[in-house]
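Coordinate inspection notes
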Amino acid sequence: MAPDDSAIPARVVTSLPLAFTAGAAVGALGGMIGLGGAEFRLPLLIGLFGFAALAAVILNKAMSLIVVLTALPARLATVPPADLGAHWTVVVNLLAGSLLGAWAGASWAVRMRGATLYKVLAALMVLMAAALVLTHTATVGALPLPGPVRAVAGVAAGFGIGVVAAIMGVAGGELLIPTIVLLYAIDIKVAGSLSLLVSLPTMLVAFARYSRDGSFAVLRSNLRFTVTMVAGSIAGALLGGLLLGVIPDRVLIPALAVILLISAAKLARHAPPDARQAGLPDN
């Protein structure tokens, strides 16, 4: 099924300073909790800047990919390569599912009706809020699973995370990190770096799938906007890293979860924009 009007790529005319500021706010929020913040960027792309759901997802995926590539060297420098190499089977296990999930998720997203995609995004934002609270407020212990069962669970979990990451345009670290800790009993600091090794190929697969669809043209139409918001996100992430620990987690995490839930409620009620609202030229 071809996407409806709400999924047609749009060029939205907006203030570049506002795009930089919004990106910086998203980056700062992500930096304060050690994540990329793409789940906070998505509702801004839809609610503040007026992009249709699919266009917002594709833009979010492109920005997330650039932010992850920028953060990768610094993050990997915090964990010795030998420590990561010791867990290469974990990365392979999760990738076996996440690569398939990313392709499937992107395929489903481009075929969904706009109204359906808004509701799916709203449900996934509730999932992200729950994962955020669980990861930062609860002690996650490893499940005592036999090797073969753990391998199957890893593929299944990877597939689900790949689907979510592709549909939302996020890296998926919010879900990958607790999954790695839960299934493989790996320290959370090492799990954070391993999650990037899974996220990057998974994002590239989703990106490749989106590039086969006409909606991918939204990137060409909004290149300056994308670059500006990415620059803001990177600057904000650096600031957020400096502010790490300034706001106690018992205050910050519930506040961020509430933001996600409010955004989810708004997306669930969001009406797909018509051509004029989406920034398309009149016929």
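See the structure shown above.
These remarks concern the structure in this document. Every value quoted in this text rests on a predicted model; they were computed, and no experiment measured them.

Here we look at the environment of G162
In this structure, G162 sits in helix α7 (residues 147-168). Note on G162: relative accessible area 0%, which makes it buried. It is 8.4 Å that separates the C-alpha atoms of G162 and A206, two residues lying 44 residues apart in sequence. Leaving out residues up to four positions away in the same chain, G162 has contacts with S98, G101, A102 and T202.

With respect to the packing of aromatic side chains
Summed over the entire model, instances satisfying the criterion amount to three aromatic pairs. For the ring pair F51 and F225, a centre distance of 5.3 Å and an interplane angle of 50 degrees mean the geometry is tilted. One end of the pair, F51, is in the loop between α2 (38-47) and α3 (53-77); the other, F225, is in helix α11 (residues 223-242), and 174 residues separate them in sequence. A relative accessible area of 1% places F51 in the buried class. Through a chain of ring-to-ring contacts, the aromatic side chains of F49, F51 and F225 assemble into a single cluster. Lying over the aromatic face of W103, R209 brings its terminal NZ or CZ to 5.9 Å of the ring centre.

Points about helix α9 (residues 188-211)
Between its first and last C-alpha atoms α9 spans 34 Å; for 24 residues at 1.5 Å apiece the expected length is 34 Å, and the two agree. Looking at where α9 begins, the residue whose side-chain oxygen comes 3.0 Å from the main-chain nitrogen of K189 is D187.

A few points about the packing of α2 against helix α6 (residues 114-137)
In contact at an axis separation of 11 Å, α2 and α6 are set at 150 degrees when each is read in the N-to-C sense. Taken together, the axis directions place α2 and α6 in an arrangement best described as roughly antiparallel. Judged by the sense of rotation from one axis to the other, the crossing of α2 with α6 is left-handed. Mapping the contact onto sequence places E39, L42, P43 and I46 in α2 and Y118, L121 and M125 in α6. Across the contact of α2 with α6, the residue classes tally to six nonpolar, no polar and one charged.

What to know about the side chain of R209
Here R209 lies in helix α9. Put simply, R209 is tucked away with no salt bridge, and the nearest opposite charge, on D213, sits 5.3 Å away. In contact with R209, not counting residues within four places along its chain, are W103, A106, S107, V110 and R111.

Here's the deal with the environment of V57
With respect to the helices and strands, V57 occurs in helix α3. V57 gets classed as buried once you look at its relative accessible area, which sits at 0%. For the pair formed by V57 and P43, sequence separation is 14 residues and the distance between their alpha carbons is 9.7 Å. Excluding its chain neighbours within four sequence positions, the residues that come into contact with V57 are L42, L121, A166, I167, M168, G169 and Y210.

About the criteria used
- Residues numbered from 1 in each chain as written.
- Predicted model: local features only at pLDDT ≥ 70, side-chain atom pairs only at ≥ 80, totals over all residues.
- Heavy atoms only, no water.
- Helix = DSSP H or I, 4+ residues; strand = E, 2+ residues; numbered from the N terminus.
- Buried < 20%, exposed > 50% of the residue type's maximum accessible area, 1.4 Å probe, protein only.
- Contact = heavy atoms within 4.5 Å.
- Phe/Tyr/Trp six-rings, centres within 6.5 Å; stacked < 30°, edge-to-face > 60°.
- Lys NZ or Arg CZ within 6 Å of the ring centre and 35° of its normal.
- Expected span 1.5 Å × (residues − 1).
- Polar contact = N/O pair within 3.5 Å; in protein donor to acceptor, adjacent residues only side chain to side chain.
- Axes fitted to C-alpha atoms, helices over the stretch in contact; angles between N-to-C directions.
- Parallel < 35°, antiparallel > 145°, perpendicular 65-115°, else oblique.
- Left-handed = near helix turned anticlockwise from the far one by under 90°.
- Nonpolar A, V, L, I, M, F, W, Y, C, P; charged D, E, K, R; others polar.
- Lys, Arg positive; Asp, Glu negative; His and termini not counted.
- Salt bridge = Lys/Arg side-chain N within 4 Å of Asp/Glu carboxyl O.

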